[in-house]
Each structure stands twice: as C-alpha cells, then as structure tokens.
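As a plain string of letters, each chain reads:
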Amino acid sequence: MATVTFDNASRIYPGQERPAVDSLNIEIGDGEFLVFVGPSGCGKSTSLRMLAGLEEIDAGRILIGDRDVTDVPPKDRDIAMVFQNYALYPHMTVADNMGFALKIAGVNKAEIRKRVEDAAAILDLTEYLDRKPKALSGGQRQRVAMGRAIVRSPQVFLMDEPLSNLDAKLRVSTRTQIASLQRRLGVTTVYVTHDQTEAMTMGDRVAVLNAGVLQQIDSPRRMYDHPNNVFVAGFIGSPAMNLIEQTLTDQGVQFGGTVLPVDRATLSGTDQNSVTVGVRPEDLELAGEGEGLPVEVDVVEELGADAYIYGRLAGSADTAKPFIARVDGRRPPQKGETVHLRPKQGHLHLFDVANGQRLGD
Ligand SMILES: Nc1ncnc2c1ncn2[C@@H]1O[C@H](COP(=O)(O)OP(=O)(O)OP(=O)(O)O)[C@@H](O)[C@H]1O
Ligand SMILES: [Mg+2]
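Worth saying up front: this structure is predicted, and the values here are computed from it rather than measured.

Reading guide: rules and limits
Residues numbered from 1 in each chain as written. Chains lettered and ligands numbered in written order. Predicted model: local features only at pLDDT ≥ 70, side-chain atom pairs only at ≥ 80, totals over all residues. Heavy atoms only, no water. Helix = DSSP H or I, 4+ residues; strand = E, 2+ residues; numbered from the N terminus. Buried < 20%, exposed > 50% of the residue type's maximum accessible area, 1.4 Å probe, protein only. Contact = heavy atoms within 4.5 Å. Areas by Shrake-Rupley, 256 points an atom, 1.4 Å probe, with all protein chains shown as cover. Lys, Arg positive; Asp, Glu negative; His and termini not counted. Charge placed at Lys NZ, Arg CZ, Asp CG, Glu CD. Core = buried A, V, L, I, M, F, W, Y, C linked by side-chain atoms within 4.5 Å. Axes fitted to C-alpha atoms, helices over the stretch in contact; angles between N-to-C directions. Left-handed = near helix turned anticlockwise from the far one by under 90°. Polar contact = N/O pair within 3.5 Å; in protein donor to acceptor, adjacent residues only side chain to side chain. Near = heavy atom within 4 Å. Nonpolar A, V, L, I, M, F, W, Y, C, P; charged D, E, K, R; others polar. Parallel < 35°, antiparallel > 145°, perpendicular 65-115°, else oblique. Pairing = 2+ DSSP bridges. Salt bridge = Lys/Arg side-chain N within 4 Å of Asp/Glu carboxyl O.

Q: If you had to explain the overall build of the protein chain to someone new, which residues and values would you point to?
A: Per the secondary structure count, the protein chain includes eight helices and 20 strands. Projecting the C-alpha coordinates of the protein chain onto the three principal axes gives extents of approximately 75 × 45 × 35 Å. Buried residues in the protein chain amount to 49% of all 361 residues. Restricting to contacts in the protein chain with at least 6 residues of sequence separation, those with at least 24 account for 66%. Working note: accessible area of the protein chain is about 17,100 Å², and carbon and sulfur atoms make up 47% of it. Charge-centre separation for the protein chain: the mean point of 39 positive side chains lies 9 Å from the mean point of 48 negative side chains.

Q: Can you break down the nonpolar core residue by residue, with the values?
A: Ranked by size, the top nonpolar core spans 43 residues in total, and within it Met 98, Val 208 and Ile 236 carry the most contacts. The residues touching Met 98, leaving out its near neighbours within four places in the chain, are Val 116, Ala 119, Ala 120, Leu 125, Leu 129, Val 144, Gly 147, Arg 148 and Val 151.

Q: Requested: an account of the packing of helix 2 (residues 94-104) against helix 4 (residues 138-150), with residues and values cited.
A: For the pair helix 2 and helix 4, the least separation of the axes is 7 Å and the interaxial angle reads 35°. The element helix 2 and its partner helix 4 pack so that their crossing is right-handed. From helix 2, Val 94, Asn 97 and Met 98 reach across to helix 4, where they touch Val 144, Gly 147 and Arg 148.

Q: Help me get a handle on the side chain of Asn 97, residues and values and all.
A: Along the chain, the position of Asn 97 falls in helix 2. With a relative accessible area of 1%, Asn 97 lands in the buried category. For Asn 97, the side chain forms a polar contact with the main-chain nitrogen of Tyr 89, separated by 2.8 Å. In contact with Asn 97, not counting residues within four places along its chain, are Leu 88, Tyr 89, Met 92, Pro 133, Val 144 and Arg 148.

Q: An account of the site of ligand 1 is requested, with residue identities and associated values reported.
A: In the neighbourhood of ligand 1, the contacting residues comprise Tyr 13, Ala 20, Pro 39, Ser 40, Gly 41, Cys 42, Gly 43, Lys 44, Ser 45, Thr 46 and Glu 161. Tyr 13 places a polar side-chain atom, nitrogen or oxygen, 3.4 Å from a nitrogen atom of ligand 1. Within the backbone of Gly 41, an N or O atom sits 2.8 Å from an oxygen atom of ligand 1. A total of 640 Å² of accessible area belongs to ligand 1 in isolation, and the protein chains cover 56% of it. Grouping the constituent residues of the shell around ligand 1 by class yields four nonpolar, five polar and two charged.

Q: A description of the packing of helix 4 against helix 5 (residues 168-185) should follow, citing residues and the corresponding values.
A: Two elements in contact, helix 4 and helix 5, have axes whose closest approach is 11 Å; the angle formed by their N-to-C orientations is 20°. Judged by the inter-axis angle, helix 4 sits roughly parallel to helix 5. When the axes of helix 4 and helix 5 are compared, the crossing they make is right-handed. Contacts from Gly 138, Gly 139, Gln 142, Arg 143, Met 146 and Ile 150 of helix 4 reach helix 5 at Leu 170, Thr 174, Gln 177, Ile 178, Leu 181 and Leu 185. The class makeup of the residues in the contact of helix 4 with helix 5 is six nonpolar, five polar and one charged.

Q: So what's going on with the sheet that holds strand 4 (residues 59-64)? Which residues, and what values?
A: The strands making up a sheet associate through backbone hydrogen bonding, with each pair oriented either parallel or antiparallel. In spatial order, the strands read 2-1-4-5; together these four strands make up an open sheet with antiparallel pairing. Because the sheet does not close on itself, it has two edges, and the strands there are strand 2 (21-28) and strand 5 (67-68). Across five bridges, strand 1 (residues 4-11) lies against strand 4 in antiparallel orientation. Of the residues in strand 4, the one forming a bridge with Phe 6 is Ile 62. Across the face of the sheet, helix 1 (residues 44-52) comes into contact with strand 1, strand 2 and strand 4 while running at roughly 115° to strand 1.

Q: I'd like a rundown of helix 2, residues and numbers included.
A: Looking at helix 2, one finds that the buried residues are Val 94, Ala 95, Asn 97, Met 98, Gly 99 and Leu 102. On the buried face of helix 2, the contacting elements are helix 3 (109-123) and helix 4. Where helix 2 ends, the next residue or the one after it, Gly 106, has phi of about 80°, a positive value.

Q: Describe the pattern of salt bridges, with residues and values.
A: Under the criterion given, the structure shown has 19 salt bridges. Between Asp 118 and Lys 114 there is a salt bridge whose closest N-O contact spans 2.8 Å. Of the two residues, Asp 118 and Lys 114 both sit in helix 3, four residues apart, roughly one turn of that helix. On the accessibility criterion, Lys 114 (47% relative accessible area) is partly exposed. Close ionic contact of Arg 342 with Glu 291 constitutes a salt bridge, the shortest N to O distance being 2.4 Å. A residue pair is termed long-range when its members are at least 10 positions apart, and Arg 342 in strand 19 (residues 338-343) and Glu 291 in the loop between strand 15 (284-287) and strand 16 (293-302) qualify at 51 residues. By relative accessible area, Glu 291 is classed as partly exposed at 31%. Each of Arg 11, Arg 49, Glu 55 and Asp 58 takes part in a single network of salt bridges with overlapping partners.

Here's what the structure looks like:
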C-alpha cells in the first residue's frame, strides 16, 4: 500500500496550447479512495494515465509512496488499472483471464491458481472460474476485470469509468460492491467518473476538475455543504443548485421580496453591489405572496414523498435556466401556477459575481 502525490503535475498534449491537466497538486492518503469527477474533457483520464505512466508528464512530478515515478515505466509502478472497456480475452476462461498478467510476469502455476481463487472468493466468482466471458452477465464480466487487478496485489488501483458499460440498476449495485471491496482490501484507489452521484457515494474524498484545473478536493459532505466556487456548486448535487445574481444591500441580499440578512463584513473581497446567490432545491420553502422570488411552474416531477418543481423566475430575461425547488409531494403546486420561494434560514451560498469564488463562510 502507498500514498500517491501529484506535485504540480501538468500534461500538455503535442500541438495543444492549453494543458489538458494544469499543475495538479493532490496528496492521496494510504488506503484512501479518491474520485476524480468533472465534465467530459476536463482531464480526468489524462490525470489517471499520468499516474499510470501511460501519459508523459510535461512539468512537475508524481510520487507513489516516497518514490518519484515520474520517469518510471508503467510496468514498474506497481499499479493495476481497470478501464471502461475492460475487454476480456474471449477464448480464455475466467480463471485464465484473471491470472494472465501473473503468467506473463512468470509467476508459477500453483501461486497463480491460489491468487485467482482468493480473488474469485472475494468477488463471488468461484463458480464461474471455468466459464468463458461470453457466458457471463455484464456485472460478472465487470467483476472479472476487477479480479484481474486484484490478483496482482498492487500498491494502487486505478479505475477509469469501470461501470459505464453496465445498465443503470447494475451500476448502482456494482458501485456499492466496489466501494466495500476497496475498504476491505484497503488498497489506495484512484477512480474516475463523470457521474457526480457515483463520485459522492463512493469516494472518501472527491476531486472536481474543470478544464484541466483542480477546483476543489474534499469529503463528499464538505463538497456539498461548502462548494468553493460557482462551478463546484453547480456541478455537485442533483438536481443542481440554483444560482442567480441578486442585489447586495447594507441589510443583506435582496431575494425578491425578502431581504436575507448577511453581514457584509464577512464578505471580504467584494465591493460589488450584486452577488451570485446559490440555494439548493431542498433548501427552498414556499412563502406568501410578495415574499421571496416569484416562480412560474413549468413542470412538476412527482416522486412520492417529495416533488420537484421546475419553473422560471417570473419576469426574468434568463428563461433558459430553470429554477428548481423541492416541495411536499402530497401538496405540490400545479403546472402554470406562480409560487413564491425563499431560502430556509442558514442555507445560502454566496459567490463573487466576477470570479465565482465563494464569499464568507
Ligand atoms: N492524445 C491526445 N491528444 C491531444 N489532446 C488530447 C489527447 N487525449 C485527450 N486530449 C484532450 O485533453 C483533454 C482532456 O482529455 P481527457 O481524456 O483527460 O478528458 P476526460 O475528463 O477523461 O473526459 P471524458 O469524461 O470524456 O472521458 C480534452 O480536451 C481532450 O480533447
Ligand atoms: Mg475519460
């Protein structure tokens, strides 16, 4: 087992001006499950491939434990990788697929058999060891791919969207299995996904990337309650946080007909008269007419206990952006109705309009 350190690590692809990964600084603890998340093209796979040694590092360093592996070839880094397209060898049995890397490495047959059987027991694959991959379900194949990584007992597991070939239901059960397996094995794991729910449910910590730049690295709870900037605020959470620009007065933030008291002294760094207000759908409540923001309801999504209303700020020019609120599922407003919404006390996020950084606490 080992720690992993990205020390100002950058990757600039040939012919590109901007780095795909820009001065990445992360320290991953021994046994930690770290998830990289972010939109398509933000540099998640590149970061992982840099750690794997599959991508050159143009500046900075990468360490596994105390060892600088920046110039160490992939096979000597003591890592095992599970890819999205985990292509099993179709003509080989499950056992041979799992043991293949060990065979190439010259490990003796008895040792291979033992390690494969141990991994199969952990992954609940014992009864399938003699089958060919085509006679397995998608979830079982995915576990064989995990098994190939486990038998090597590496210092670090690297996984790049390993669940994306599975259907939605299987993804949910498999992500729980992977997370619990990782905790049992205690092997430092770096996992890539574009799915923020996957990231939040699996990671000890989550690293959000955007355009090659690390935006925030924190526990899922902290990330949700305390996004560092507008990008993280909008990316983490489903449905997304509402983000709107509102007037800042001496009394606080003007939120439609309601003034939300804010101590301006805590908003150091901004002297502007407006502020980006973030409020999560579950932190809004229905208010009387004249209070809060008037929202015209477009869609009501009923989920039983709760309902989400998707509406538009009445009178707002920004009609493309929906305003979303969670309401009591037993008494939801109707489509076409105008409701008044205000944030619950203490659930506001404030961001600088100019640079998107979090203000205050
Ligand atoms: N071999 C390459 N040559 C040039 N540019 C590349 C190469 N590979 C990736 N890129 C670019 O680098 C950026 C980061 O790519 P990367 O594959 O790391 O994104 P990602 O976050 O994994 O995205 P996705 O969620 O779509 O898999 C993208 O803009 C991509 O177009
Ligand atoms: Mg990728």
